[in-house]
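What follows is each chain in one-letter form.
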Number of protein chains: 2
Amino acid sequence: MGKRPTRDDVAKEAGTSTAVVSYVINHGPRPVSPTTRRRVLDAIRKTGYLPNGIAKSLANGSSDTYALLVTDLANPFLAQMAQSLERELFARGKDLLVGDSGDDPARQLDLLEAFQRQQVSGLVWYGVDQPLPLDAIDAYPGTVVMLNQPAGQEPRPSAGRRVRLDVDESREARMATEHLLSHGRRHVAIVAGPTQRLNSRERIHGWRAAIDDAGLEPGRIITAPYTREGGRQAAFQLGSDVDAVFASNEMQAMGLLAGLAERGMKAPDDVAVAAMNGTAGAAYLVPSLTTVQLPQGPIARDIANALTRNEPSGGTGRTGRTGEEAIASAPRLVTGHSCGC
Amino acid sequence: MGKRPTRDDVAKEAGTSTAVVSYVINHGPRPVSPTTRRRVLDAIRKTGYLPNGIAKSLANGSSDTYALLVTDLANPFLAQMAQSLERELFARGKDLLVGDSGDDPARQLDLLEAFQRQQVSGLVWYGVDQPLPLDAIDAYPGTVVMLNQPAGQEPRPSAGRRVRLDVDESREARMATEHLLSHGRRHVAIVAGPTQRLNSRERIHGWRAAIDDAGLEPGRIITAPYTREGGRQAAFQLGSDVDAVFASNEMQAMGLLAGLAERGMKAPDDVAVAAMNGTAGAAYLVPSLTTVQLPQGPIARDIANALTRNEPSGGTGRTGRTGEEAIASAPRLVTGHSCGC
DNA sequence: TTGAAAGCGCTAACAT
DNA sequence: ATGTTAGCGCTTTCAA
């Protein structure tokens, strides 16, 4: 980093004190006469001065930087979240740091520590696994928005503000499954995530509830990683009686479609398919994939607002008894051809 | 950010000076006796001290933060790059900031400024358009790794180190096209990007060269945005004589396959398809997509090395006459079924 | 309305 | 081997 002009250079150039330069730049906290303001502004332009955000953060005791910590930055669902979040934060003059835990708990912990060192003011967290490492969350200072924290947890004392994205995994799975049933399908299997994961179990629960409500027998539960290859492998475990499959995420669904094609099975004719946590890309698969999607734009906006809103309580060890903050997310069904529509 | 323990607290706890604490933490620059070291380490553990990276950066005059500035974080190719880069930087104890220009030049400029304010030590840049805004690049202090800077540019004086990812767009397009021809296809069209873009023209050039070399007539050039929808629309502009299509990027190819399916055209039977800048997802399209891919892992490693390598020259206005730094990228053909393989 | 100066937490040159 | 202290660039209180 070369020698860049500092606030001192600007002050000198403008013939004022350094404090005044601050007042001008920050529009406060003290007023500055129009004349002086002009001189400062000119000096800034002349010197090509750019404030040093690092120094500012140190003096302020808080940074303009936030972080997104997820399990897989290349997962379309998460990549889209990164994109939306960056947009919103940038619009608010904030920066976004990213971390990819790669589903590794140790790595996740290291990233948390790294973010703390960098004094990030807030963290958006899609945790490695359910149940989440609550101790680490509790100890984390600053605001934490949890993307995959299950509802109905006991409020626990935490070192900072906690906000939960209110996702109902079970309901989303149910919506997708019900749609498959509405097409007259009777044997709906599920490609589930690893069963030790809570979100996986919740999705299974929703799938099952839809089938129970219809008075039908549940189809096979095929467990697979939340990956494309996991979905592909699952396709080869499908019995010939199955006429529909609910996939627990879009990547699995994508692999499933690929696997079905390999087996020479037609979707939706032989097997109808629907998934949850879909993205914009679902519409361009062959056949176009029916998914339940979350309104990422609004969600990202709410998250950014929550992050940058002045912390209501800065203290330590506060219990979130004040009606636990949550961000709403209204899932909607986006139909393609994979379901038979 | 709550009141966290500082180096002073640690020093007090350990009964030493603050300098010694620094020496221990940084393994230098002065030696510390084993006894004292232990006491400091214990004090650190006891207080739960975590160094303040912001303060460290200020004192050092350089940060451990780097930035990735791209046109579309949700583009699989770029998302994969973000992931790989984050991995490599994290392994080196560095942080990664992301910026999404959304193909907007003004936004790109704003992001550049924001990164400068944050004192990022290096920037990885996939620029909005060709030709790149060279003035902004030249003025950028610190190391800049350019992901889509064409080769053979005049060396220009710049404010920091400049590294170019050595991609030969033309060659990659040619590789994909030649592969289509090797399957006996004779009428190869191209879905090209916007023609005002240099990279688009280079890809057209490579496609054309392959066809010329084979002594054939070039097929239709269909211009479309670098998006899935662009590719889909292109499918509807294909004449019945076309027996193969080269798509200029993976998103276009994905849309193209979708569009072909909509039209009832079979790939690869009716039309063979191949693309460049493919990702791991290509293998799971239907049919699996043949692409030319760049070795993202090694590339990310080289970029991280370039970024974190001590700057050979910190000065201002240095011309890169010293054999312009470049990072190699060896494209390889990854075959799927879309080409007829 | 403006200026002087005390920090913010850390590094490292300079003393001891 | 360890301690003292002057910055790094900025914010903001306190004086003027």
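Just so it is clear, the structure is predicted and the values come from calculations on it, not from any experiment. (Residues numbered from 1 in each chain as written. Chains lettered and ligands numbered in written order. Predicted model: local features only at pLDDT ≥ 70, side-chain atom pairs only at ≥ 80, totals over all residues. Heavy atoms only, no water.)

Chemist: It is not clear to me how the protein's contact with DNA strand D should be interpreted in this structure. Could you clarify?
Modeler: Every one of the 27 residues lining DNA strand D counts as a neighbour, but R7(A), S22(A), Y49(A), P31(B) and T36(B) are closest to it. Protein-proximal atoms of DNA strand D, defined as those within 4 Å of the protein, fall in sugar or phosphate at a share of 60%. N60(A) is positioned such that a nitrogen or oxygen atom in its side chain is 3.5 Å from a sugar or linking oxygen of DNA strand D. Secondary structure elements with two or more residues in the surface near DNA strand D: helix 2 (18-26) and helix 4 (53-60) of chain A together with helix 2 (18-26) and helix 4 (53-60) of chain B. Grouping the amino acids of the surface near DNA strand D by side-chain chemistry returns 13 nonpolar, ten polar and four charged. (Near = heavy atom within 4 Å. Polar contact = N/O pair within 3.5 Å; in protein donor to acceptor, adjacent residues only side chain to side chain. Helix = DSSP H or I, 4+ residues; strand = E, 2+ residues; numbered from the N terminus. Nonpolar A, V, L, I, M, F, W, Y, C, P; charged D, E, K, R; others polar.)

Chemist: Explanation requested: the pairing of strand 11 (residues 290-293) of chain A in the structure shown.
Modeler: Every regular strand shows the same layout, with side chains that alternate between the two sheet faces. All names here are of chain A. Residues T290 and V292 of strand 11 are buried on one face, and the alternating residues T291 and Q293, pointing to the opposite face, are buried as well. As paired strands, strand 11 and strand 14 (residues 332-334) are joined by three bridges and run antiparallel to one another. From the neighbouring strand, V292 faces strand 14, where its bridge partner is L333. (Buried < 20%, exposed > 50% of the residue type's maximum accessible area, 1.4 Å probe, protein only. Pairing = 2+ DSSP bridges.)

Chemist: Any chance you could explain the sheet that holds strand 11 of chain A here in plain terms?
Modeler: Sheets are built from strands that pair by backbone hydrogen bonding, the pairs being arranged parallel or antiparallel. Residues and elements named next belong to chain A. Judged by pairing direction, the sheet is mixed, and its six strands sit side by side in the order 8-7-9-10-11-14 without closing on themselves. This sheet does not close on itself; its edge strands, each paired only once, are strand 8 (221-223) and strand 14. Strand after strand, the sheet turns through a mean of 20 degrees between neighbouring axes, direction not considered. Relative to strand 11, strand 10 (residues 272-276) runs parallel, the two being bridged by three bridges. If you follow A274 over to strand 11, its bridge partner there is T290. Lying over the sheet, helix 8 (residues 169-182) contacts strand 7 (188-192), strand 9 (244-247), strand 10, strand 11 and strand 14, oriented at roughly 160 degrees with respect to strand 10. Against the sheet, helix 9 (residues 198-213) engages strand 7, strand 8, strand 9 and strand 10, with an angle of about 175 degrees to strand 7. (Axes fitted to C-alpha atoms, helices over the stretch in contact; angles between N-to-C directions. Contact = heavy atoms within 4.5 Å.)

Chemist: Before we go on, may I ask you to explain the interface of chain A and chain B in this structure?
Modeler: It is common to give the size of an interface as the accessible area lost on bringing the parts into contact. Each side of the interface is counted separately: chain A has 53 residues, and chain B has 53 residues. Between chain A and chain B the total buried area reaches about 5400 Å² when both faces are included, carbon and sulfur atoms providing 62% of it. The residue R87(B) makes a salt bridge to D100(A) at a minimum N-O spacing of 4.0 Å. There are 15 residue pairs in polar contact (both at pLDDT 80 or more) connecting chain A and chain B. Secondary-structure elements contributing two or more residues to the side of chain A that touches chain B are helix 4, helix 5 (76-91), strand 2 (95-100), helix 6 (105-117), helix 10 (228-235) and helix 11 (250-263) of chain A. No other element matches the seven residues that helix 6 of chain A contributes to the side of chain A that touches chain B. A breakdown of the residues in the side of chain A that touches chain B according to their chemical character gives 24 nonpolar, 15 polar and 14 charged. Bridging between strand 2 of chain A and strand 2 (residues 95-100) of chain B involves two bridges; their strand directions are antiparallel. Across the sheet, the residue bridging to L97(A) is L97(B), located in strand 2 of chain B. (Buried area = accessible area lost by both parts, 1.4 Å probe. Salt bridge = Lys/Arg side-chain N within 4 Å of Asp/Glu carboxyl O.)

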